[in-house]
Amino acid sequence: MTYTLAIETSCDDTSIAIIKDKTTIISNLVSSQQKTHQQYGGVVPEVASRLHAETIHYLMDLSLKEAKISLNDLSQVAVTIGPGLEGSLLVGISVAKSLSYALDIPLIPVNHIHGHIYAFSNYQPHLHYPALALIVSGGHTDLILMEKEGSFKCCGKTRDDAVGEVFDKIARSLSLGYPGGPIIEKMAKDGNPSAFKLPIAMKDSPFEFSFSGLKTATLDCIKSLDNPQDHLADICASFQQTVIDTLILKTLAACEHFNIHDLIIGGGVASNQTLLTAFKDRITDTSLNLIHIQPNLCTDNAAMIGLAATHLGNIDQIPTEDILVQSTFSYEH
Ligand code: KG4
Ligand code: ZN
């Protein structure tokens, strides 16, 4: 039996998880800093790192208790090493390094995006290749092609704003709160998705995304209304529908081009059930296998980091240096 303790502190969630063997999540605790950052309308990096430092040891104790194991039972430590906020990452990395040193156990560095991708693997341990992952979060809108285990190639990304970032900005302009995604999804349920016509950018550029035009068009639409508060549901529904149409258009084009078998949708925005249902409806007459990640594993959490470590950490053809290189930010195009 092996126990992997995983640490995630890349942004505004402090999270510790324990994975038994390769795929069983026995603890996955997340301490959210949302309430603190809410008052500023977004994440303040300096405040985020301080809160990670204040919370992480307490969370680790709780997680070990929940898993009913002690530090000496741990087989390895996994930690997010990027991309993310430097100060926040350093808190997790320092704790992971200390644990690895003190307990004399291996340290597995994990790319945050690999974590979002492997969050599926607690219920489907193997992929059928070629596979594609659409990762949509507050910092990323990436299409990642996986031709074989351990191979990740970014075949499309956003040229400007990430999808989650735009959800957050639109919600802020409507004074709806932070994070914007879940609030907009809820408001959109009572709205008409065709009420306002908003643009899909870069229609002719197959797998590239751009969301700043949609952001500006939505903000202009809000400004043009005498009383935007009377149209909240329709604005949210129209904005969300345009995001969904854009993601589906580009992702399915990539699936066709690369002859994809398994399609994973992950990252915080993938917890949006309207998005998931729209994808499911659109692929019914294709041979694509949609792997959807359970909502609590879509938003940032340490279990996904532990799952990526138990899957990728043991692959001989990915030496640790390569994972480090890939993690220092961009992917091969
Ligand atoms: O993956 P995540 O927790 O953190 C990053 O790595 O960025 O994603 C957070 C983002 C936020 O922008 C949030 O507004 C968005 O995911 N989000 C959603 C939903 N839940 C979270 N966006 C749309 N619909 C949702 N239900
Ligand atoms: Zn994330």
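You'll find the structure just up there.
Residues numbered from 1 in each chain as written. Chains lettered and ligands numbered in written order. Predicted model: local features only at pLDDT ≥ 70, side-chain atom pairs only at ≥ 80, totals over all residues. Heavy atoms only, no water.

A description of the packing of aromatic side chains should follow, citing residues and the corresponding values.
Centre-to-centre distance and the angle between the planes together describe a pair of aromatic rings. On inspection of all chains with the given rule, the structure shows five aromatic pairs. Between Tyr 118 and Phe 152, the ring centres sit 6.5 Å apart and the planes meet at 75°, which makes this aromatic pair edge-to-face. Here Tyr 118, found in helix H4 (residues 112-118), pairs with Phe 152, found in the loop between strand E7 (141-146) and strand E8 (153-157); they are 34 residues apart in sequence, far enough to count as distant. Of the two residues, Tyr 118 and Phe 152, both sit in the buried class. Seen from their ring centres, Phe 207 and Phe 258 are 5.7 Å apart, and the 45° between their planes marks the pair as tilted. (Phe/Tyr/Trp six-rings, centres within 6.5 Å; stacked < 30°, edge-to-face > 60°. Helix = DSSP H or I, 4+ residues; strand = E, 2+ residues; numbered from the N terminus. Buried < 20%, exposed > 50% of the residue type's maximum accessible area, 1.4 Å probe, protein only.)

Could you give an account of the pattern of salt bridges, with specific residues and numbers?
Using the criterion set out here, one finds seven salt bridges in the structure. As a salt-bridge pair, Glu 46 and Arg 50 come within 2.9 Å of each other at their nearest N and O atoms. Of this pair, Glu 46 and Arg 50 both sit in helix H2 (residues 45-67), separated by four residues, roughly a single helical turn. Residues Asp 161 and Lys 169 are paired through a salt bridge, measuring 3.6 Å at the closest nitrogen-oxygen approach. Using a relative accessible area of 9% as the deciding quantity, one classes Asp 161 as buried. A network of salt bridges, in which partner residues are shared, links Asp 161, Glu 165, Lys 169 and Lys 215. (Salt bridge = Lys/Arg side-chain N within 4 Å of Asp/Glu carboxyl O.)

Any chance you could break down the sheet that holds E8 for me, citing the residues and the numbers?
Strand order in the open sheet made by the five strands is E8-E7-E6-E9-E10, with mixed pairing throughout. Looking at which strands have only one partner, the edges of the open sheet turn out to be E8 and strand E10 (289-292). Strand after strand, the sheet turns through a mean of 20° between neighbouring axes, direction not considered. Direction of pairing for E7 relative to E8: antiparallel, over a ladder of four bridges. Among the inter-strand pairings, Ile 144 is bridged to a residue of E8, identified as Cys 154. Here helix H9 (residues 273-282) sits on the sheet in contact with strand E6 (131-136), strand E9 (262-266) and E10, set at roughly 170° to E10. (Pairing = 2+ DSSP bridges. Axes fitted to C-alpha atoms, helices over the stretch in contact; angles between N-to-C directions. Contact = heavy atoms within 4.5 Å.)

So what's going on with unusual backbone geometry? Residues and values would help.
Negative phi values dominate among residues other than glycine, just as trans dominates among peptide bonds. Following Tyr 129, the chain continues into Pro 130 via a peptide bond in cis, with omega recorded as -5°. Of note, Pro 130 is situated in the loop between H4 and E6. Phi at Asp 21 is positive, roughly 50°, even though this residue is not glycine. Tracing the backbone through its elements, the reader meets Asp 21 in the loop between strand E2 (13-20) and strand E3 (24-32). Judged by relative accessible area, which is 35%, Asp 21 ranks as partly exposed. In this structure, Asp 104 takes a positive phi of about 55° despite not being glycine. Checked against the element boundaries, Asp 104 lands in the loop between helix H3 (86-103) and strand E5 (107-111).

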